[in-house]
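# Report on the structure
What follows is the residue order along each chain.
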Amino acid sequence: MLRRSAPLAVLIALLAFLLGAPGPAPAAADASCRVLAPGASPEAERAVAAACEQVAAGVWYSWGGGHGPEPGATYGRVDPTDPASEHDPERLGFDCSGLVRYAYARATGSDVLNGTASSQYYTHRAAERFTAGQGLAPLLPGDLLVWGTPQDLHHIAVYLGAGRMAEARQSGTKLMVSDVRLSGDYHGAVRVNPGPVTGSLFRTWGTGVWTKALPSVSAARVYAFPGPTTVRVQCQKHAEKVTSEGYTNDAWSYLPDYKAWMTNIYIQGPAWLDGVPTCIF
């Protein structure tokens, strides 16, 4: 058999490319990225599938990625605390909360989890929350695992079942499937309610407004709203009088998703919220 000369081989390859000859087969999808346990809702299973599509496609982690006007991969930006992020502005991808936002938008057809890891965990769309001490036993595929402190939840991932999760972990890596890390600052998990939301919903205003462990300005801080946020109010009560932003009010609302209190000054509406019962605790 005659051997082709190198220039002839190159010419043939070029002609094949120009004529649309098929290229190499795409890499096989990561078979471990899928629903790995029964019991999840159809929406949760669709969220897992959407996240796994991005894992299989080899999409990059990109700091700030996924937080454009609509859910989906975007170019990131440099994280000043992480030298590995220097190429993130060139990488179309997701950070951890950007991936979660995209997965649940695909699952529900609506942008239900737009925001950071903290706002996604504290969502008023929570069906149930789980503490770190409960481990993985009560979790179902599609639940969202979070790491950090109540004041600063810095990472979030999609549970697959069987101790595995899909995540956008860090700059310099692609989206991946990992074993769930229950050590360190694992905080717990939240199950998303994709359907109608029950309870009294209100909108906060202001930036950097803290919720409190008790209805008092001197009580321990729980979480600060970075900006206007939709919150679920369980009840309200008269407690410590607060003066802020030119208003004075002694009414405080209990926010069950945060297990915390907030002065009604920072909740849009009248000083005493319409239709919200008085707390009996």
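Preceding this section is the structure that the text describes.
Residues numbered from 1 in each chain as written. Predicted model: local features only at pLDDT ≥ 70, side-chain atom pairs only at ≥ 80, totals over all residues. Heavy atoms only, no water.

It is worth spelling out helix α2 (residues 42-56) at this point. Look at α2: 21 Å from first C-alpha to last across 15 residues, which is about the 21 Å you get at 1.5 Å a residue. Among the residues making up α2, those that are buried are A44, A47, V48, A50, A51, C52, Q54 and V55. On its buried side, α2 packs onto β3 (92-94), α3 (96-108), β6 (152-161), β7 (164-167) and β8 (176-179). Positive backbone phi, approximately 70°, marks G58, located one or two places after α2. (Helix = DSSP H or I, 4+ residues; strand = E, 2+ residues; numbered from the N terminus. Expected span 1.5 Å × (residues − 1). Buried < 20%, exposed > 50% of the residue type's maximum accessible area, 1.4 Å probe, protein only. Contact = heavy atoms within 4.5 Å.)

We now examine the pairing of strand β5 (residues 144-149). Along β5, five of the six residues are buried, which leaves the element largely enclosed by surrounding structure. Bridge analysis of β5 against β6 gives six bridges, and the strand direction is antiparallel. Bridge pairing in β6 links T149 to D152. If you look at the hairpin formed by β5 and β6, you'll find two residues sitting between the two strands. Sheet topology places β5 next to strand β9 (residues 186-192); four bridges connect them, and they run antiparallel. Each residue of the ladder has a partner; that of V146, found in β9, is G188. (Pairing = 2+ DSSP bridges.)

The three strands are arranged β1-β3-β2 in an open sheet whose pairing can be described as mixed. Each edge of the open sheet is held by one strand with a lone partner, namely β1 (60-61) and β2 (74-75). Across two bridges, β1 lies against β3 in parallel orientation. In the sheet register, W60 faces β3, and the bridge partner there is G93.

It is worth spelling out the pairing of strand β16 (residues 260-263) at this point. Remark: a regular strand shows side chains that alternate across the two faces of the sheet. A two-sided burial pattern is seen for β16, the buried positions comprising A260 and M262 on one face and W261 and T263 on the other. Of the strand pairs in this sheet, strand β15 (residues 247-255) and β16 are connected by four bridges, and their pairing is antiparallel. Opposite S253, over in β16, you have M262 as the bridge partner. Between the antiparallel neighbours β15 and β16 lie four residues, among them K259 with a positive phi of about 50°.

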